[in-house]
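Each chain is listed here by its residues.
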There are 4 protein chains.
Amino acid sequence: MMTGTGPHGMARVVVVYHSGYGHTQRMANSIAEGAGAELVVIDAEGNLPADGWETLGAADAIVMGSPTYMGGVSWQFKKFADASSAPWYTQTWKDKIFAGFTTSAALNGDKMSTLNYLFTLAMQHGGIWVSQGVMPSNSKSAQRNDANYLGSYSGAIAQSPSDAGASDMFAGDLETARRFGERVAEVARRFQR
Amino acid sequence: MMTGTGPHGMARVVVVYHSGYGHTQRMANSIAEGAGAELVVIDAEGNLPADGWETLGAADAIVMGSPTYMGGVSWQFKKFADASSAPWYTQTWKDKIFAGFTTSAALNGDKMSTLNYLFTLAMQHGGIWVSQGVMPSNSKSAQRNDANYLGSYSGAIAQSPSDAGASDMFAGDLETARRFGERVAEVARRFQR
Amino acid sequence: MMTGTGPHGMARVVVVYHSGYGHTQRMANSIAEGAGAELVVIDAEGNLPADGWETLGAADAIVMGSPTYMGGVSWQFKKFADASSAPWYTQTWKDKIFAGFTTSAALNGDKMSTLNYLFTLAMQHGGIWVSQGVMPSNSKSAQRNDANYLGSYSGAIAQSPSDAGASDMFAGDLETARRFGERVAEVARRFQR
Amino acid sequence: MMTGTGPHGMARVVVVYHSGYGHTQRMANSIAEGAGAELVVIDAEGNLPADGWETLGAADAIVMGSPTYMGGVSWQFKKFADASSAPWYTQTWKDKIFAGFTTSAALNGDKMSTLNYLFTLAMQHGGIWVSQGVMPSNSKSAQRNDANYLGSYSGAIAQSPSDAGASDMFAGDLETARRFGERVAEVARRFQR
């Protein structure tokens, strides 16, 4: 596993996510690229790798991602969330920086429900939540690959048609995710000092 | 005021809404057309016309609409909602059918926050809430004017660019609203018997 | 399995739930008692019994319940929700009556997040959602075992201390649940005709 | 107006709120006491004092408060929120620290809906949101005046019976608010450097 701990003054950002068909994984990669972050993958059974909890515990910022399935995070992500009751009980993650991202097939598709849940989870952990921070591109001249074309405020979102594979994701959604990673890392760095 | 009370077996549907720049009004008109509904307009000061409360009290179904401003209903709509504490206190609107709609410039733009609020308000009134009932059009071949292209489930939504007037609204969004009106009227009719 | 199909004119209500430590199960039992409902239990692996999906498919009303864990439904409930993408895809559950319930240790404890999720799930299924329908008991003279003492509007909720077993649940919370079952059955009956 | 700008290294915290019957005002006072904050009062017409916007613009942290009326912020608060579209448009408040609080008569009473809205508003402004940060007091031995007895995570909440005046508020709720003010100021201070 690569390390997210960069040079002096860098914050340690960890992206923890579950991906069903690869879309959320691509978002995670883009965010990690922007943030210089480590990835912790939740597997198909909702479990973390052996050192996953330790990596999360050492993070300055935790970026959480899941596809939106049936109006919320995937059950695998929720299994991770439920298992996080251990650090919750001791408030080990208190005052960490948190952020969230999700993807779905429909333009809206209740992605806000997923982001609201990720926010709620972060609040239970005593966290500090970072907004998207990029204004929507929503004038007549807006293009699909503009930054935040989808118009989210509380986290990063992506959308691809129900019959489009992960390789067909919109470049703008991934670039939006990459910039979001940069933003989270910068916020974590400011807060860390 | 035209009457929404139709022939024998019809339900009385009322659409109560505030519109800032005309977009919500066009949605309201489309829903009313589909539902055979009366309109009750919340004015620029957040007030109802003289017979507004009486019309709402006599309704079988109340469809509530507002633009999404700053992540929620307009203050004018909220003033109406706060004033509805009178029928709330006596639960006069209990068991009415409720539904909601909204519009904004961004594709997502926190419209779900507005719909969630309208739902919460309906729940306080002891109501019964009707879903959108049309699956999103979200495959590669989806077109902007398809029914429920925007992918909402909990109510009807529309979107037009920040620099587009109400006359430029997408025909598909308005047709989606019209069908939603039909649906609410049908649910109200079934429940009324 | 007992049958929820009662005499002529009765609606078939099914309560589908996951319970971790027995509190949600007691709520489910109370709701089922009020509604004359069948129970479908989601097991510790998030699976339904063999005939679970068929029972749900035949229901007029589906009441969904889960403990609130880490600000949302349990992962086991979410696994059921994700598996419901099969009836969602064909909208087999469209126009069913839906309702929800949850329990947690804290008085608030983000139970509304869980109810909001259950609502969102019902909306994805094209459903019709029933409010709690009982005003909160919130004056100075309110007693812990009053109906809706906890003050929920969008579904039934219960609360018991983190160190209290299911056998210690408050009688008022269970009676509130029982009445909620009655209400859902009545709404389903009215809608069914 | 007292100044919230303290000695070297202190953050400037501003509490902006609307209060209908004095309960929210007492919470605001407690938070301001904890944070060393200035107060900006939204009046009965939803307007700010002459220098209100300037004060908010100069803040490192903005703590927003409203009673929960009909499941959301009061219309007066919403009028303020809608008027904040001016700093929103230019993202003048980007990267400020935000937090929220509310009060209602019922124990739950949809206060989470209000906090979720305040969060959504902060996200539209590109803000950073601070959690409550105190674990709920929810064991059998919990007392009404314990810190976070009501069990909120995403902001500070208070509850008093529908027939209790502001002078009858629970000391524990106000102390919880005071500590929340301390927390917001500390987070703002850390982030400011």
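See the structure printed just above.
Cut-off values and rules
- Residues numbered from 1 in each chain as written.
- Chains lettered and ligands numbered in written order.
- Predicted model: local features only at pLDDT ≥ 70, side-chain atom pairs only at ≥ 80, totals over all residues.
- Heavy atoms only, no water.
- Contact = heavy atoms within 4.5 Å.
- Buried area = accessible area lost by both parts, 1.4 Å probe.
- Salt bridge = Lys/Arg side-chain N within 4 Å of Asp/Glu carboxyl O.
- Polar contact = N/O pair within 3.5 Å; in protein donor to acceptor, adjacent residues only side chain to side chain.
- Helix = DSSP H or I, 4+ residues; strand = E, 2+ residues; numbered from the N terminus.
- Least-squares fit on C-alpha atoms with pLDDT ≥ 70 in both.
- Buried < 20%, exposed > 50% of the residue type's maximum accessible area, 1.4 Å probe, protein only.
- Expected span 1.5 Å × (residues − 1).
- Pairing = 2+ DSSP bridges.
- Right-handed = clockwise from strand over helix to strand, strands pointing away.
- Phe/Tyr/Trp six-rings, centres within 6.5 Å; stacked < 30°, edge-to-face > 60°.

Peer 1: Give a detailed account of the interface of chain A and chain B, specifying residues and quantitative values.
Peer 2: Listed per partner, the contact involves 23 residues of chain A and 22 residues of chain B. Here chain A and chain B share an interface that buries about 2,000 Å² over both sides, 53% of which is from carbon and sulfur atoms. Run the count over chain A and chain B and you get two salt bridges. The shortest N-O distance in the salt bridge between Lys-140 of chain A and Asp-168 of chain B comes to 3.6 Å. Across the contact surface, chain A and chain B share 10 residue pairs in polar contact (both at pLDDT 80 or more). A per-element tally of the side of chain A that touches chain B places helix H5 (residues 111–124) of chain A first, with three residues.

Peer 1: Requested: an account of the relation of the copies chain C and chain B, with residues and values cited.
Peer 2: One copy of the chain maps onto the other through a rotation about an axis followed by a shift along the same axis. Once turned by 180° and shifted 0.0 Å along the axis, chain C lies on chain B with an RMSD of 0.0 Å. These values place the two chain copies in the arrangement generated by a two-fold rotation axis. Counting the interface residues of chain C, we find that 100% of their copies in chain B are interface residues as well, pointing to one common contact surface.

Peer 1: So, unusual backbone geometry: which residues are in play, and what are the values?
Peer 2: Residue and element names in this part refer to chain C. The backbone phi angle of Gln-91 is positive, close to 50°, even though this residue is not glycine. Within the secondary structure layout, Gln-91 lies in the loop between helix H4 (85–89) and strand S5 (97–104). Judged by relative accessible area, Gln-91 falls into the buried class, the value being 15%. Of note in this structure, Asp-110 is not a glycine but carries a positive phi near 65°. As for its placement among the helices and strands, Asp-110 is situated in the loop between S5 and helix H5 (111–124).

Peer 1: Which residues make up the relation of the copies chain A and chain B, and what are the values?
Peer 2: You can overlay chain A on chain B at an RMSD of 0.0 Å; the transform is a turn of 180° with a shift of 0.0 Å along its axis. Of the interface residues in chain A, 96% have counterparts in chain B that sit at the interface too, so the contact is made through matching surfaces.

Peer 1: So what about the interface of chain C and chain B? Which residues, and what values?
Peer 2: Opposite the 27 residues of chain C that make contact, chain B presents 27 residues. Summed over both sides, the interface of chain C with chain B buries roughly 2,500 Å², with 61% coming from carbon and sulfur. Linking chain C to chain B there are two salt bridges. Our count for the chain C to chain B interface comes out at 13 residue pairs in polar contact (both at pLDDT 80 or more).

Peer 1: Give a detailed account of helix H1 (residues 23–35) of chain D, specifying residues and quantitative values.
Peer 2: Counted at 1.5 Å a residue, the expected span for H1 of chain D with its 13 residues is 18 Å, and the 18 Å between its end C-alpha atoms agrees. Regarding H1 of chain D, the residues found buried are His-23, Thr-24, Met-27, Ala-28, Ser-30, Ile-31, Ala-32, Gly-34 and Ala-35 of chain D.

Peer 1: How would you summarise the pairing of strand S5 (residues 97–104) of chain B if you had to cite specific residues and measurements?
Peer 2: Residues and elements named next belong to chain B. With eight of its eight residues buried, S5 lies for the most part within the structure. Side chains Ile-97, Ala-99, Phe-101 and Thr-103 project from S5 onto one buried face, and the interleaved Phe-98, Gly-100, Thr-102 and Ser-104 project onto a second face that is buried too. By the bridge criterion, seven bridges tie strand S3 (residues 61–69) to S5 in an arrangement that is parallel. Within S5, the residue paired with Met-64 across the bridge is Gly-100.

Peer 1: So what's going on with the pairing of strand S2 (residues 38–42) of chain B? Which residues, and what values?
Peer 2: Of the two faces of S2 of chain B, only one is covered, namely that formed by Glu-38, Val-40 and Ile-42 of chain B; the face formed by Leu-39 and Val-41 of chain B stays uncovered. Tracing the backbone out of strand S1 (residues 13–18) of chain B, into helix H1 (residues 23–35) of chain B and back to the parallel element S2 of chain B gives a crossover that is right-handed.

Peer 1: Pulling in residues and values, what's your account of the pattern of salt bridges?
Peer 2: Taken as a whole and assessed by the stated rule, the structure comprises 36 salt bridges over all chains. Two residues, Arg-189 of chain D and Glu-186 of chain D, come together in a salt bridge whose shortest N-O distance is 2.8 Å. Here Glu-186 of chain D and Arg-189 of chain D lie together in helix H6 (residues 171–192), a separation of three residues that amounts to about one turn. Residue classification places Arg-189 of chain D among the partly exposed positions, given a relative accessible area of 26%. Residue classification places Glu-186 of chain D among the partly exposed residues on the basis of a relative accessible area of 34%. Taken together, the salt bridges that share partners define one network made up of Glu-175, Arg-178, Arg-179 and Glu-182 of chain A.

Peer 1: Give a description of the packing of aromatic side chains that names residues and reports values.
Peer 2: In the structure shown here, the tally under the stated rule is 32 aromatic pairs over all chains. Judged by centre distance (3.5 Å) and plane angle (15°), the ring pair of Phe-119 of chain B and Phe-119 of chain C falls under stacked. One end of the pair, Phe-119 of chain B, is in helix H5 (residues 111–124); the other, Phe-119 of chain C, is in helix H5, on a second chain. Of the two residues, Phe-119 of chain B and Phe-119 of chain C, neither departs from the other in class, the shared state being buried. Relative to Phe-119 of chain C, the ring of Trp-129 of chain B has its centre 6.5 Å away and its plane inclined at 70°; by these criteria the two rings are edge-to-face.

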